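As a plain string of letters, each chain reads:
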Amino acid sequence: MRILGVLAVALLCVGCGERAADTHPAGHGPAVASSAEIRLTGGGVFSAPEPRASVIAYDTTLVPPGATARVTAESGAVLATSTVTVTGMLPGRTYGVHLHVNPCGLKPEDAGPHYQHAHAHASAQNEVWLDFTTDARGEAAATATRDWAFVAGRLPRSLVIHAEPTRTAGAEAGVAGPRVACVTLIQS
């Protein structure tokens, strides 16, 4: 009988020492160790398209020489937060901005389609849209947080700046005009 009591206590305590590390806000699932976190970064001064360039201006009328961008895209177990900060862009202009699946290349199309989380349709919930409107100095910042995580092995590889704001409804949802600049993201 005593052996059964000890066994019952042992079964009840399986994982007892691990509960503090497993705490999380209600509805957000278990916490993830830092090794499961993903951090992507990119940025610098926009340059003309050239092999291995990581910050490219395809249209210097809309992305003037000397313009800069800084991008971070981070993800834990249940949230993905992406931020872009720009300087030196045209003042008082709205640009469409999205994460894309491929690194930047010599041609705007090299960045591939928009990064999509779960299914093949464009929406602000399934993609990362970071449209911004610059101030009088050509500066802006935008942040988007999604209630899903980036998937290792299937990460966004670039941030593309488009000539127009992102259309949000109908058959053209996600469309934002020509690609005018690109920032390659690397895992850090």
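Thresholds, definitions, all that
- Residues numbered from 1 in each chain as written.
- Predicted model: local features only at pLDDT ≥ 70, side-chain atom pairs only at ≥ 80, totals over all residues.
- Heavy atoms only, no water.
- Pairing = 2+ DSSP bridges.
- Helix = DSSP H or I, 4+ residues; strand = E, 2+ residues; numbered from the N terminus.
- Buried < 20%, exposed > 50% of the residue type's maximum accessible area, 1.4 Å probe, protein only.
- Contact = heavy atoms within 4.5 Å.

Student: Looking at this structure, I do not really get the sheet that holds strand β8 (residues 158–162). What am I missing?
Tutor: Backbone-to-backbone hydrogen bonds join strands into a sheet, with any given pair of strands oriented parallel or antiparallel. Taking strand neighbours across the sheet as the criterion, the five strands line up as β2-β9-β8-β5-β6 in an open arrangement whose pairing is antiparallel. The strands lining the two open edges of the sheet, one partner per strand, are β2 (55–57) and β6 (132–133). As judged from the three bridges shared by β2 and strand β9 (residues 179–184), these two strands associate in the antiparallel manner. Note that in β9 the partner of Ala57 across the bridge is Ala181.

Student: Looking at this model, I keep getting lost on the side chain of Ser75. Mind explaining?
Tutor: One can find Ser75 in strand β3 (residues 68–75). Taking relative accessible area as the criterion, Ser75 reaches 4% and is therefore assigned buried.

Student: Quick question: what am I supposed to make of the environment of Gly44 here?
Tutor: Residue position: Gly44 is located in strand β1 (residues 38–45). Of the residues examined, Gly44 reaches a relative accessible area of 15% and is grouped as buried. Residues within four places of Gly44 in sequence aside, it is in contact with Val55, Ala67, Thr68, Ala69 and Arg70.

Student: Mind showing me how you'd approach the pairing of β8 here?
Tutor: Along a regular strand, successive side chains alternate from one face of the sheet to the other. Burial runs high along β8: five of the five residues are buried. Here β8 shows two buried faces, one formed by Ser158, Val160 and His162 and the other by Leu159 and Ile161. Of the pairings in the sheet, the one linking strand β5 (residues 94–100) to β8 comprises five bridges and is antiparallel in character. Each residue of the ladder has a partner; that of His98, found in β8, is Val160. In this structure, β8 lies alongside β9, joined through five bridges in antiparallel fashion.

Scope: geometric values only; no functional claims are made or implied.
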